[in-house]
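# Topology and contacts: notes
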Amino acid sequence: NRAAMRAALEGMGHNCTTAASEKETEALDGPFDGALIDFQLDGSSDGIMLIDRLRMRWPGLAVALVTADRSDTMIARARRRHIPILAKPMAASALHQWIAQGARNAA
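We now turn to the structure provided with this report. (Residues numbered from 1 in each chain as written. Predicted model: local features only at pLDDT ≥ 70, side-chain atom pairs only at ≥ 80, totals over all residues. Heavy atoms only, no water.)

### Brief notes about the sheet that holds strand β1 (residues 34–38)
Strand order in the open sheet formed by 3 strands is β1-β2-β3, and the pairing between neighbours is parallel. The open sheet is flanked by β1 and β3 (85–87), the only strands paired with a single partner. Put simply, the sheet's adjacent strands are angled 30° from each other on average, direction ignored. Pairing analysis gives 3 bridges linking strand β2 (residues 62–67) to β3, with the strands arranged parallel. If you follow Thr-67 over to β3, its bridge partner there is Ala-87. (Pairing = 2+ DSSP bridges. Helix = DSSP H or I, 4+ residues; strand = E, 2+ residues; numbered from the N terminus. Axes fitted to C-alpha atoms, helices over the stretch in contact; angles between N-to-C directions.)

The following block contains the structure:
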């Protein structure tokens, strides 16, 4: 849920921009430090395809796929693209670790 994720991120001291759809996401103006993208999207694509498009627009953007899907197919697709997966329900520690890893990669 976007509101809960936003509250968690803001509670950690981060600025957060949310989008309710692919169209809203692609209309946002960056730059952004990172993007958490749900795998299940309304429409004809999924979170992996959206991440592909975001990476074309913002090379080097830290991304993670947030999902409850544990299928071998989804995991293989994400791994081929070097997309980290954050499993739902997501523990705060997993979110902290992803943010810290993004900060280390940016340094």
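### Description of the side chain of Asp-46
Structurally, Asp-46 can be placed in the loop between β1 and α3 (47–57). Within the local environment of Asp-46, its side chain forms a polar contact with the backbone nitrogen of Ile-48, the two atoms lying 3.0 Å apart. Only 3.0 Å separates the side chain of Asp-46 from the backbone nitrogen of Met-49, close enough to count as a polar contact. Residues contacting Asp-46, with those up to four places away along its chain left out, are Phe-39, Leu-41 and Arg-77. (Polar contact = N/O pair within 3.5 Å; in protein donor to acceptor, adjacent residues only side chain to side chain. Contact = heavy atoms within 4.5 Å.)

### Observations regarding the nonpolar core
Ile-37, Ile-48, Ile-51, Leu-54, Leu-61, Leu-65 and Ile-83 are the most contacted members of the largest nonpolar core, which totals 14 residues. For this core, the secondary structure elements donating two or more residues are β1, α3, β2 and α4 (72–80). Ranked by the residues each element gives to this core, the list is headed by α3, at 4 residues. The residues contacting Ile-48, other than those within four sequence positions of it, are Phe-39, Leu-65, Met-74, Arg-77, Ala-78, Arg-81 and Ile-83. Counting 7 residues, the second largest nonpolar core, distinct from the first, contains Cys-16, Ala-64, Val-66 and Leu-86. (Core = buried A, V, L, I, M, F, W, Y, C linked by side-chain atoms within 4.5 Å. Buried < 20%, exposed > 50% of the residue type's maximum accessible area, 1.4 Å probe, protein only.)

By themselves, these observations are geometric and do not establish any function.
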